[in-house]
Amino acid sequence: MINTVVFQGNQVKILDQSQLPDQVVYITCKTPFEVADAIKFMKVRGAPLIGVTAAFGLAMAVNNFDGPREGLDSFFCQVKEHLASTRPTAVNLFWALARMERIYKENASLDTREIARHLADEAEKMHSEDIKTNMAIGEHGQELLGENCRVMTICNAGALATCGYGTALGVVRSAFKKGKIAKVWACETRPVLQGARLTVWELLQDNIPVTLITDSTAGYIMELGEVDAVITGADRIAANGDTANKIGTYSLAVLAAYHSIPFYVAAPLSTVDLDTASGSEIPIEKRSQDEVRQIRGLHLTVPEVRAFNPAFDVTPHKLISGIITEKGVMREPFAETLKAVVKGR
Ligand code: MRU
């Protein structure tokens, strides 16, 4: 299994996803600010993975802190806020930082070294929990799929977006092991191309049959009757089930509804945000115009044209057939089923 992030106490090693599929290279972050930059500039990405990476960044910051003990509280807050400011949509980032803050507060009477040890343990725990969670998601999700299934997905909600195995692609992996996957349709996912660069790469590593399509081809393939299910990941699921995920997910959900194809979201319960009532409250990250205007520094258009580049959109819960979590598949009414499962976690 590919290691997306490795914690070494005084440094965090990150698989640089901006280089994939051309090169498999790791960058070494020696400060939490380097970790924050890696998240912001999407060298590391995917909701669960940015949460765990930020947790490692915070643990490393305390480990490397060499100031007086009385300065640790404000240093911790400053680093936590800085990591939180990197990307606004994926709630897993804030969930992971809040979990680390709880550990910090519980151990506030200890000295810096001991606090650092507790924080490192907690971040490592999140890392291993994430893999187990994804495997449970995979197991629940595969039960929804029949024989010779053709699954469409967007972006990368795979091993590369998590600590291993993946959410949407975790379902694909588990179904593949049972011989149920005939084909995965991977939408290229303009403009950052997580589908073309990452999903294709990781599925081919596991010999899972994948066919790449442009995002605008999805409707045509559904019309041909060649899609049995759409499965995507999630960056934040509001209390009513509305789901923010990669830009283009909403279009797929509308197309799936029109063609009577089940549309599933696969995500850990850490992606469910009960404090956000509905999708309209989810902050949507707007990224650089150059991501749309250029590809790898090459101009695709008139260089000065105005471009609009939201990284995510929101799929209304009414278009979602089920939310696949580690505790099973949640169905409508999501406001009730999600609340019950998150509170009982
Ligand atoms: O901008 P990205 O690449 O971080 O967006 C990732 C997605 O939209 C994923 O589908 C989502 O984070 C779930 S990953 C298991």
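Just so it is clear, the model here is predicted, and its values are computed rather than measured.

Draft legend 1. View of the overall build of the chain. Helix and strand counts for the chain stand at 11 helices and 16 strands. Taken against the 2.2 N^0.38 rule, which gives 20 Å for 345 residues, the C-alpha radius of gyration of the chain at 20 Å falls within 12% of a compact globule. Dimensions of the chain, computed from C-alpha atoms along their principal axes, come out at roughly 65 × 50 × 40 Å. Counting over 345 residues, the chain shows a buried share of 56%. Taking all contacts inside the chain whose residues are at least 6 apart in sequence as the whole, residues at least 24 apart take part in 74%. For the chain, the accessible surface area stands at approximately 14300 Å², while carbon and sulfur atoms represent 53% of it. Averaged over its 36 positive side-chain charges, the chain has a centre that lies 1 Å from the centre of its 40 negative ones.

Draft legend 2. View of unusual backbone geometry. Here the bond from Leu20 into Pro21 is cis, since omega is 5 degrees, no more than 30 degrees from zero. Mapping Pro21 onto the fold places it in the loop between β2 (12–15) and β3 (26–29). With a phi angle near 55 degrees, Asn207 is a residue other than glycine that sits in the positive phi range. As for its placement among the helices and strands, Asn207 is situated in the loop between α7 (194–205) and β6 (210–213).

Draft legend 3. Seen up close, the site of the ligand. What surrounds the ligand is a group of 19 residues, the closest being Ala47, Arg87, Gln194, Asn245 and Lys246. Between the ligand and Arg45 there is a distance of 2.9 Å, counted from an oxygen atom to a side-chain nitrogen or oxygen. Within the side chain of Asn245, a nitrogen or oxygen atom sits 2.6 Å from an oxygen atom of the ligand. Considering the ligand on its own, with 420 Å² of exposed area, one finds that the protein chains cover 99% of that surface. The site holding the ligand turns out to be the largest cavity. The set of elements that each furnish at least two residues to the shell around the ligand consists of α2 (47–64) and β9 (243–246). Looking at the shell around the ligand residue by residue, the classes come out as eight nonpolar, seven polar and four charged. Here the shell around the ligand spans two domains, since at least three of its residues come from each of domain 1 (5–134) and domain 2 (138–344).

Draft legend 4. A look at the sheet that holds strand β16 (residues 328–330). Across the sheet, seven strands lie side by side as β6-β5-β4-β7-β10-β15-β16; this open sheet has mixed pairing. Looking along the sheet, the strands with just one partner apiece sit at the ends: β6 and β16. On average, adjacent strands in this sheet sit at an angle of 25 degrees to one another, irrespective of strand direction. The pairing of strand β4 (residues 149–153) with strand β7 (residues 229–232) spans two bridges and is classified as parallel. Paired with Val151 across the two strands is Ala229, which belongs to β7.

Draft legend 5. A look at the environment of Ile295. The residue Ile295 is located in strand β12 (residues 294–295) in this model. Along the backbone, Ile295 and Val192 are 103 residues apart, and their C-alpha atoms lie at a distance of 8.5 Å. Among all residues touching Ile295, those that are not within four sequence positions of it are Leu193 and Leu300.

Draft legend 6. Looking closely at the packing of helix α3 (residues 72–84) against helix α4 (residues 91–106). One can describe the packing of α3 onto α4 by two numbers: an axis separation of 10 Å at closest approach and a directional angle of 170 degrees. With respect to their mutual orientation, α3 and α4 come out roughly antiparallel. Residues Leu72, Asp73, Phe76, Lys80, Leu83 and Ala84 of α3 pack against Leu93, Phe94, Leu97, Met100, Glu101 and Tyr104 of α4. Tallied by class, residues from the contact of α3 with α4 come to nine nonpolar, no polar and three charged.

Draft legend 7. Geometry of the pairing of strand β10 (residues 263–266). Burial along β10 is two-sided: the face carrying Phe263 and Val265 and the face carrying Tyr264 and Ala266 are both buried. Here three bridges tie β7 to β10, and the two strands are oriented parallel to one another. Along β10, the bridge assignment pairs Thr232 with Val265.

Draft legend 8. Highlighting the side chain of Asp242. With respect to the helices and strands, Asp242 occurs in the loop between β8 (236–238) and β9. Nearest to the buried, unbridged Asp242 among oppositely charged side chains is Lys318, at 7.7 Å. In this structure the side chain of Asp242 is engaged in a polar contact, spanning 2.9 Å, whose partner is the backbone nitrogen of Gly279. Look past the residues within four positions of Asp242 in its chain and what remains in contact with it is Arg236, Ile237, Ser278, Gly279, Ile282, Val314, Thr315, Pro316 and His317.

Draft legend 9. A look at the sheet that holds β3. Reading across the sheet, the three strands line up as β1-β2-β3 and stay open at both edges, with antiparallel pairing between neighbours. Each end of this open sheet is capped by a strand with a single partner; those strands are β1 (5–7) and β3. Strand-to-strand twist across the sheet, computed as the mean angle between neighbouring axes with direction ignored, equals 20 degrees. Here β1 runs beside β2; their pairing, made up of three bridges, is antiparallel. Looking at the pairing, Val5 lines up with Ile14 of β2.

Conventions adopted
- Each chain carries its own residue numbering, running from 1 in the direction its sequence is written.
- In keeping with the predicted nature of the model, local features appear solely for residues at pLDDT of at least 70, side-chain atom pairs appear and are counted solely at 80 or more, and the whole-chain, interface and lining totals rest on all residues.
- Water and hydrogen atoms were dropped before computing side-chain values, which therefore reflect all heavy atoms in the structure.
- Note on conventions: DSSP H or I runs of at least 4 residues are helices, E runs of at least 2 residues are strands, and numbering of each starts at the N terminus.
- Here the radius of gyration uses the C-alpha set of atoms, whereas the globule reference equals 2.2 Å times the residue count to the power 0.38.
- Only protein chains enter the calculation, and the probe is 1.4 Å; a residue is then buried if its accessible area is under 20% of its type maximum, exposed if over 50%, and partly exposed in between.
- Whether two residues touch is decided by their heavy atoms; if any such pair falls within 4.5 Å, the residues are in contact.
- The Shrake-Rupley method, run with a 1.4 Å probe, gives the accessible areas here. Residue values count only the displayed protein chains as cover.
- Neither His nor the chain ends is counted toward charge; the positive residues are Lys and Arg and the negative residues Asp and Glu.
- Taken as the charge location is NZ of Lys, CZ of Arg, CG of Asp or CD of Glu.
- By convention in these notes, a residue is near a molecule or strand provided one of its non-hydrogen atoms lies within 4 Å of it.
- Under the rule applied, a polar contact is a pair of N or O atoms within 3.5 Å (in protein, one hydrogen donor and one hydrogen acceptor; residues adjacent in sequence only if both atoms are side-chain atoms).
- Cavities and pockets were defined on a 1 Å grid built from protein atoms only: a cavity is a group of points that admits a 1.4 Å probe but offers it no way out, a pocket is an open group of points flanked by protein on both sides within 12 Å along at least five of seven lines, and a lining residue is one with an atom within 4 Å of any such point.
- Being in a pocket or cavity means that more than half of the molecule's atoms lie within 2 Å of its grid points.
- Gly falls in the polar group here, along with every residue not listed as nonpolar (Ala, Val, Leu, Ile, Met, Phe, Trp, Tyr, Cys, Pro) or charged (Asp, Glu, Lys, Arg).
- Boundaries between domains were set according to an automatic or database domain assignment.
- Strand pairing is assigned whenever DSSP detects at least two bridges linking the two strands.
- Simply put, an axis is a line fit to the C-alpha atoms, just over the touching stretch for a helix, and the angle between two N-to-C directions goes from 0 to 180 degrees.
- When describing relative orientation, an angle under 35 degrees is termed roughly parallel and one over 145 degrees roughly antiparallel, while 65 to 115 degrees is termed roughly perpendicular and anything else oblique.
- For this analysis, a salt bridge means a side-chain nitrogen from Lys or Arg found within 4 Å of a carboxyl oxygen belonging to Asp or Glu.

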